[in-house]
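Close look at the chain arrangement
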Amino acid sequence: MGIFKKIIAEYNDALGTDCKNYAIQINLGIELYKRFEPQKAIVCYERAFELQPDKHLAWTALAKGFYNLERHEKAIYCYEQALKIHPDDYESWCHKGVALFDLGRFNDALDAFDKAVEIQSELHEAWYNRGMTLLKLGRLVEAIDSLKHSFAHRYLTQSDSS
């Protein structure tokens, strides 16, 4: 039995004895998500959400699942709910921006990326996405500046960790 199948079987066994366990639902969803089964993962995340709707992780997990199913509006809604609970979650701001970008909502995406880099100025993904959004908006000079920030933070981070 593969490692993922074994892990999922163990979570399913645990759910058999405690189906109202938030952590088990979230962790099973994460494992299913890793196996590229976002629809099944969403079911687990929704169960976890029903158990504890005020949990930030449940909202972000749902958002990622919906995004991977190309249900961007639902993903954006979930990120917004997560950000109500944890407004300084720069990764949720960045992921929300990506979903907005994919829908062609470039000004809204730019606002989300701006918020992400305001919170975490070294997040090269947000700087990169900000630059690409500025390109879409025809703001070339600002786009180049953002892309320079992205590359600088990416390579500084890599050299710091080596």
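The structure we're discussing is the one just above.
Computed from a prediction, not measured in an experiment: that's the story for all the values here. (Residues numbered from 1 in each chain as written. Predicted model: local features only at pLDDT ≥ 70, side-chain atom pairs only at ≥ 80, totals over all residues. Heavy atoms only, no water.)

Scanning the entire structure with this criterion turns up three aromatic pairs. Relative to Trp-59, the ring of Phe-49 lies with its centre 4.4 Å away and its plane at 65 degrees, an arrangement referred to as edge-to-face. Here Phe-49 is found in helix 3 (residues 38–51), whereas its partner Trp-59 is found in helix 4 (residues 56–68), with ten residues between them in sequence. Residues Phe-101 and Phe-106 carry aromatic rings whose centres are separated by 5.1 Å and whose planes lie at 65 degrees to one another, so their mutual orientation is edge-to-face. Chaining the aromatic ring pairs together yields one cluster made of Phe-49, Trp-59 and Tyr-77. (Phe/Tyr/Trp six-rings, centres within 6.5 Å; stacked < 30°, edge-to-face > 60°. Helix = DSSP H or I, 4+ residues; strand = E, 2+ residues; numbered from the N terminus.)

What follows deals with a nonpolar patch on the surface. Together, Leu-135, Leu-140 and Ile-144 make up an exposed nonpolar region whose accessible area comes to about 260 Å². By the secondary structure assignment, Leu-140 is in helix 9 (residues 140–161). (Patch = residues over 30% accessible without salt bridge, like charges linked within 9 Å, V, L, I, M, F, W, Y side chains within 5 Å. Areas by Shrake-Rupley, 256 points an atom, 1.4 Å probe, with all protein chains shown as cover. Salt bridge = Lys/Arg side-chain N within 4 Å of Asp/Glu carboxyl O.)

Turning next to helix 3. Helical geometry note: an α-helix holds 3.6 residues per turn, so side chains three or four residues apart project in the same direction. Here helix 3 is 14 residues long and its end C-alpha atoms lie 20 Å apart, about the 20 Å a rise of 1.5 Å per residue gives. Among the residues making up helix 3, those that are buried are Pro-38, Ala-41, Ile-42, Cys-44, Tyr-45 and Ala-48. What you see down the axis of helix 3 is that its buried residues fit within an arc of 165 degrees, all on one side. Exposed and oriented more than 90 degrees from the buried face of helix 3 are Lys-40 and Glu-50. Contacts made by the buried residues of helix 3 are with helix 2 (22–34) and helix 4. (Expected span 1.5 Å × (residues − 1). Buried < 20%, exposed > 50% of the residue type's maximum accessible area, 1.4 Å probe, protein only. Arc of directions from axis to C-beta. Contact = heavy atoms within 4.5 Å.)

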